[in-house]
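What follows is the residue order along each chain.
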Amino acid sequence: GTSEIENYTSDPSNLHLDGKGHLLITPQRGANGEWTSGRIETVRDDFTAPNGGMLRMEARIQMPDITGPQALGYWPAFWALGSNFRNSMVWPKAGEFDIMESVNGLDAAWGILHCGVNPGGACGEPIGIGARLPCPHEACTAGPHTFTFEWDRGVTPERMRWFVDGQLINQVAE
């Protein structure tokens, strides 16, 4: 991870299907004050946009309705790392697409590209190339929202785009 303070578990209270087709990843705070959460990681590592084609990753995510001081330190994310990260463990050289990040209960979602070297490099690490957008129609914490990443290799220059509910958050052209 990225120095998170929670411990990832496979406990059903942290990670389970609700019987209606929804995967629930629920952070829990124990009586001792420690946080646990779930993390989903694919074994397959050959995802890429084909030459002349597009890769699209999308999820509909409901964030907890937590704002104000209670949300400090809260950082839900939907992201993908380059396949070479498993072997090299070198960040950000492996590449990272932050499809959705939201911090501290703020009414905004970020879409960020991480790459190159830290500090600096082509992506200006550790910040990356990113932008944020308030969730359209209702607060990010008020209901589920659809977060999408597209890597379009069918255009010149190639483009990476991030969306929330169909509205463009960020775009990077190579």
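The paragraphs below set out a description of the structure included in this document. Please read these numbers as outputs of a predicted model, since none were measured by experiment.

## As for the sheet that holds strand 13 (residues 167-173)
In step 1: In space, the 4 strands of this open sheet follow the order 6-11-12-13, with antiparallel pairing throughout. Looking along the sheet, the strands with just one partner apiece sit at the ends: strand 6 (54-61) and strand 13. Taking each pair of neighbouring strands and ignoring which way they run, the sheet shows an average axis angle of 10 degrees.
In step 2: Where strand 11 (residues 145-152) meets strand 12 (residues 159-164), 6 bridges bridge the pair, whose relative direction is antiparallel. Paired with F147 across the two strands is V164, which belongs to strand 12.

## A look at the state of the cysteines
In step 1: Scanning the entire structure with this criterion turns up 2 disulfides.
In step 2: Put simply, C115 and C123 are joined by a disulfide, and their sulfur atoms are 1.9 Å apart. Residues C115 and C123 are joined through a disulfide that is right-handed, its torsion about the S-S bond being 95 degrees.
In step 3: For C123, a relative accessible area of 3% puts it in the buried group.
In step 4: The disulfide partner of C135 is C140, and the S-S distance across this bridge is 2.0 Å. Disulfide C135-C140: torsion about the S-S bond near 100 degrees, hence right-handed. Per residue, the accessibility class of C135 equals that of C140, and both read buried.
In step 5: Listing the disulfide partners of the protein by sequence rank of the bonded cysteines yields 1-2, 3-4.

Calculation criteria
- Residues numbered from 1 in each chain as written.
- Predicted model: local features only at pLDDT ≥ 70, side-chain atom pairs only at ≥ 80, totals over all residues.
- Heavy atoms only, no water.
- Pairing = 2+ DSSP bridges.
- Helix = DSSP H or I, 4+ residues; strand = E, 2+ residues; numbered from the N terminus.
- Axes fitted to C-alpha atoms, helices over the stretch in contact; angles between N-to-C directions.
- Disulfide = S-S within 2.5 Å.
- Buried < 20%, exposed > 50% of the residue type's maximum accessible area, 1.4 Å probe, protein only.

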